[in-house]
Structure formats: structure tokens, C-alpha cells
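Structural description and commentary
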Amino acid sequence: MTLKEMATQAQDSQRTQQSHTMIKRAVVSSFIFRFPPGQPTKPSVALFKRSGKVRTYRYHLAPISGSIDPDDPDPLAAAWRELCEETNLTPSDLSFWRTGKPFTFSDPSIGREWTVHPFAFRLKDLAEGGQGEEAIRTDWEHEGWQWYDPHTVLEDESLTTVPRLQDSLKSVWFEGTTNERAGRALATGLERLRADHESGAHELTAIALTVFRDYIVYTQNHLDAEWWAMIRMAAWHLIKNGRESMGAATQNAILSVLAEIEDIMEQKTGAEQKWDRILALIDFHLRNRADTAQQVKQSFISYLQSHFSPGGTQKDRLTMLTISSSSTIRDSILEAYDALGIQTLEVRVLESRPLFEGASLASSILSTFKSQSNSPDKHLRITMYTDASAALAAKDVDIVLLGADRISATKGVSNKTGSLPLVLSAKHVTPSVRVVVLSDIEKVNGTAGVINDELTEGNDSFEVSSAWRSDGVKGVQVLENGMRGSKSEQENSSVTVENNYFEWVPLDLVDTFICEEGVLEKDSIQEKSRKLGERVDRYFGTLQ
């Protein structure tokens, strides 16, 4: 063995020994952004100077950070806790903005291996009900703070920052790593996805693919490793920071596009031809989405014809019960009714608070039915029920029809809150009922996907209380004042209004899954989930 080989072996042995002796710690890294009125592309980011009392990185600039306890199921909850402890900021002062992709690095100088979970928050101004920067009151861990241009943080090497701060910042503020047009297109697209509480997952995926196409157009340059990493990171953000709770379909669609882009990049053709093919394939995926929806409807019709047609059970009436709003369910119900020889279709719909999507669905079904040329023997009966009347609505129904925003091999079907009590009530009141889930295959989430199946999407609590206010419920003002109460006021009393949009219905409670391929077996869901997890790891696993 040569001296050089011996030295290399010794270095490798030392690094291995260090990795075994290093203390591993998972931490959150939370950036607070401020946006001037009317200037959404000109933010400032707050950096805090760590005091001499902390154990590591004294006097270094840092975001708000802290350890994630082993008992913390959600890093975002840890981020909120650290923000409150170190700056006194709460959700009344901040709004959650973005999640960054976690990464791991070692610092041998202090014997630590850090796994960093970056987050970004927006400081609310007075117009949003916040106090602005007046709300920031630091604790003993910091001796000061100030606003910085994020470009300066990324480019000024003279700043004394904690290790890898720039990587943490780039993971939540991608605008600093791409050109202005591409950054604006992606940022605007994410805001559009997050704010859209009306479109279903199918429509949201089409929006995400369009945004992804625009981003690629604005980043046309060399088809090299740097570009490939950049568009994969943009894809990750569209899945994670768009509408994550409804993002399984987006995840599947974008991963399919990435796989095809990878194939194109390996072809022995010119760059111009490759660019044309990349854009054409996204256009192809967008056009084919309508075909998939039609295939789901045809599968549903075939299922009904085999179970409820007059030639089978001799039924002349079919009763369905559903919840919330889904374009797939809306169109499938009417097309199935038109294809069946059933005279009367009764559709029972839960109102679906707080946004009353059930009422919107019923209205759409009725309007579409009236606009069609229907036989005089065809009768549509729509009955609306309050959400609390699920058991009453379920009496003698043939089908409980659910959509799906996400399908997990372990958790079940994620659908609008109220779906689980609806299914449980129906199975108790009408044991013969069939619980049917109507969904695209792309709603299946991976076993190791970008999307966290433990995610609970919390939404504005005032969506709930606004309905009380408009109905003249007594005492609403007292409750709303309690919801806005200061930290000191909440030490002995507090008011919380939960407004979660989605909940899980276990797979064992679902009788039939219907997709574009027909009836989907539960084993197939598990296999598709596993394969998706492998694809997620391929395209995002090493991405930093």
C-alpha cells in the first residue's frame, strides 16, 4: 500500500469514527419575511444575532431555530413553538408561507450532525390584523435582530451566519436561485394553488402542470445537471407548497412528466428538438386529463349497470348520498343516470360546512339536469341535509358516494371532513349500503412521498364563525374576541375553533374503489403506493 493510499485510508477511518461519535439532532429553521405593501417580489428577511448565552454558534446570524423533540410528530408544530418562545410571535402575528426541503450536514467542529427542517413565515401587517414588527420581542437567546435583503444574505460572504444558513434560505426562497420571470411564475402559481378552495384535485393538478410548463419556458438554458436539479426543486415546491392536502394527484402527474423529461434529456438529438419535446409532452398530459375523467365516469356506469340496472335487481329507483363538491361525482351521477334504465334518481347531499360545497354540488347537478333533454319518465329528486343529519340522510340509501383528495395504503381515503361519520352512520343505519369511492388512480400517495399523510390542513377559523355571525347566533362576538386574545389573556382562558377540511376514511370501510381502470383492488393501491415511493426517491431523494 502506498503512502497516499495509507493516508486516504486513515482519513476515511477518521471520518467514519467521527460520524459514529457525532450527536445527531433534528432542528427547525424558521425565516420570517416582511413584504412591503404592493411589492410582493421585494421581501425582507429577519435574521437574529445569537447571544453569548447559547451553547453553539454564539454571535452568529440565524433564523429562529430549535430542536425537534422526539415526541414532536410534526416539525411545523415545533417551528411554531420556537417562534412563540423566542420572538413571542403567534398565528395572530404570522402566517405560514412555505416549507423547505429538509437536508442533513455534519459540523465536526462541535460534534454535531444536523438535520434541518426549513420553514418560511410572513409577518402580518396592521391591515391583516397583525402588529407588524412591533410584535417581535426576542428572548435571552438573541441579542438583536434586523431586516436583510435576502439577495444580500445569499451573496454577502462577509456575514457571519450559522452553517448552511444560505442553503436553508434557498430552500424556502427559491426566487434567489432562478431568474425573475421564472421565480415570479412559480411563486404566483403556488399562491394560486394555496388559495383555491373550490377546485378539486383534478383541476388543481392541471393548474400545477401549467405553472410547471411556464417555469420551464422561463428557465430554458442548457439542459445540464444544474437545470435538471432546478426544475426538480420547482416540481417539489409545486407538490409540497401548493395545496399539499390535495396534492397526491399533482405529485403523480409531475413525477410522470419528470420521468419523460429525463428520457428526452438522454436522447441523442439537438437541444432545440429536446426543448420542443419537453413542452409538447406537458401539453399532451394536460390534454389527456379530460380523457381520464371520462374513463372514470365510464367505469362508474359499468359498475352501476352490473349492480343496480333494472335487468339485475329490478330497481326503478336509485338513492345516492354524497358530501362536498366534486366535478367527477357531479358529472358521473348524471351520466350514469342517463345510461341506466332507472326512472327515479334520488340524490341526497350533506351541506358540507363551512363553505357549503354540498349546496354548490346540488345546485350544479340540478342546473345540468334541467339543461338536458330528458325523458318525461326521468325524475331527479335532490334532498339537502345538514351535516349533523348524516344518520337520517343514510336511511335506505343504496350508495354512499365519496370522492378522494388522497388515497393512502395505510391511512385510507382522505376526503372532506364529515365523510367518516357519514360512512359510519350509513353502515349502522343501512347495513346493505355500498360505500363507493370514485377517484383517479393518481390520487394514490406514495409510501415515502413528498406529501405527509399525517398532515392536517387547518384553515381560517373565522370561516366557521362567519356563518354564526350571519345567522345571528348569540355570543359570537365574545368567542371571536377570545380567538383574537393576546398571549397574556390566553394564559387563563382561550378559544380555539378548529376548521380542518379533510379526514381519513379507513380502507376497510370502503366497499369499492372505482377508477379509470375499473374497480381497483386494495392490493393494487398498496402496490401503486410502493412504486410511487420509489419514483419519489429517485427524483427528490438526493435533491438539496
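Presented here is a report on the structure given in the accompanying data block. Remember, predicted model here, so these are calculated numbers, not experimental data.

Here we look at the sheet that holds strand E15 (residues 434–438)
Across the sheet, which stays open at both edges, the seven strands sit in the order E11-E10-E9-E12-E15-E17-E18 with mixed pairing between neighbours. Looking along the sheet, the strands with just one partner apiece sit at the ends: strand E11 (379–385) and strand E18 (518–520). When strand polarity is set aside, the average angle formed by the axes of neighbouring strands in this sheet is 30°. Bridge analysis of strand E12 (residues 399–402) against E15 gives four bridges, and the strand direction is parallel. Paired with leucine 402 across the strands is valine 437, a residue of E15. This element, helix H12 (residues 357–371), spans strand E9 (317–323), strand E10 (344–350) and E11 of the sheet and lies at about 165° to E11. Its contacts with the sheet put helix H17 (residues 522–540) on strand E17 (512–515) and E18, and the angle it makes with E18 is roughly 75°.

Remarks on the packing of aromatic side chains
The tally for this structure, following the rule as stated, stands at 14 aromatic pairs. On the numbers, 6.3 Å between centres and 25° between planes, the contact of tyrosine 337 with phenylalanine 369 is stacked. Here phenylalanine 369 lies in helix H12 and tyrosine 337 lies in helix H11 (residues 327–339), a separation of 32 residues in the sequence. Each member of the pair, tyrosine 337 as well as phenylalanine 369, carries the same accessibility label: buried. Through a chain of ring-to-ring contacts, the aromatic side chains of Trp80, Phe96, Phe119 and Phe121 assemble into a single cluster. The ring centre of phenylalanine 35 lies 4.1 Å from the NZ or CZ of arginine 122, which sits over that ring.

Notes on unusual backbone geometry
Between arginine 353 and proline 354 the backbone carries a cis peptide bond, its omega angle lying at 5°. Residue position: proline 354 is located in the loop between E10 and H12. Of note in the backbone geometry, serine 352 takes a positive phi value of approximately 65° without being a glycine. If you trace the backbone, serine 352 turns up in the loop between E10 and H12. Residue serine 352 is classed as buried on the basis of its relative accessible area, which comes to 1%.

Remarks on helix H8 (residues 248–265)
Taking 1.5 Å per residue as the helical rise, H8 with its 18 residues ought to reach 26 Å, and the 26 Å between its terminal C-alpha atoms agrees with that figure. With 15 of 18 residues buried, H8 is to be regarded as a mostly interior element.

Overview of the environment of glycine 541
Tracing the chain through its elements places glycine 541 in the segment after H17. Accessibility expressed as a relative area gives 41% for glycine 541, which makes it partly exposed. Sequence-wise, glycine 541 and asparagine 499 are 42 residues apart; in three dimensions their C-alpha atoms are separated by 33 Å. Sequence-distant contacts of glycine 541, defined by excluding residues within four places in its chain, comprise Lys101 and Val536.

Details of the pairing of strand E14 (residues 412–416)
With five of five residues buried, E14 lies mostly within the body of the structure. Two strands pair when backbone bridges link them, and strand E13 (residues 406–408) and E14 are joined in this way by three bridges, in the antiparallel orientation. Note that in E14 the partner of serine 408 across the bridge is glycine 412. The turn linking E13 back onto E14 is made up of three residues.

Considerations on the pattern of salt bridges
Pairing is possible between side chains of opposite charge, provided their charged atoms come close. Per the stated rule, a full pass over the model turns up 24 salt bridges. One salt bridge in this structure joins arginine 98 and glutamate 175, with 2.9 Å as the shortest N-O distance. Residue arginine 98 is located in strand E5 (residues 94–99), and its partner glutamate 175 is located in the loop between helix H4 (165–172) and helix H5 (180–195); the two are separated by 77 residues in the primary sequence. Glutamate 175 carries the same exposure label as arginine 98, and that label is buried.

Quick word on helix H15 (residues 462–470)
What H15 keeps buried is the set Val464, Ser465 and Ala467. Each buried residue of H15 lies within a common arc of 150° when the element is viewed along its axis, so the set occupies one face. Looking at the buried residues of H15, the elements they touch are helix H16 (476–483). Phi turns positive, to about 75°, at glycine 472, one or two residues after H15.

About the criteria used
- Residues numbered from 1 in each chain as written.
- Predicted model: local features only at pLDDT ≥ 70, side-chain atom pairs only at ≥ 80, totals over all residues.
- Heavy atoms only, no water.
- Pairing = 2+ DSSP bridges.
- Helix = DSSP H or I, 4+ residues; strand = E, 2+ residues; numbered from the N terminus.
- Axes fitted to C-alpha atoms, helices over the stretch in contact; angles between N-to-C directions.
- Contact = heavy atoms within 4.5 Å.
- Phe/Tyr/Trp six-rings, centres within 6.5 Å; stacked < 30°, edge-to-face > 60°.
- Buried < 20%, exposed > 50% of the residue type's maximum accessible area, 1.4 Å probe, protein only.
- Lys NZ or Arg CZ within 6 Å of the ring centre and 35° of its normal.
- Expected span 1.5 Å × (residues − 1).
- Salt bridge = Lys/Arg side-chain N within 4 Å of Asp/Glu carboxyl O.
- Arc of directions from axis to C-beta.

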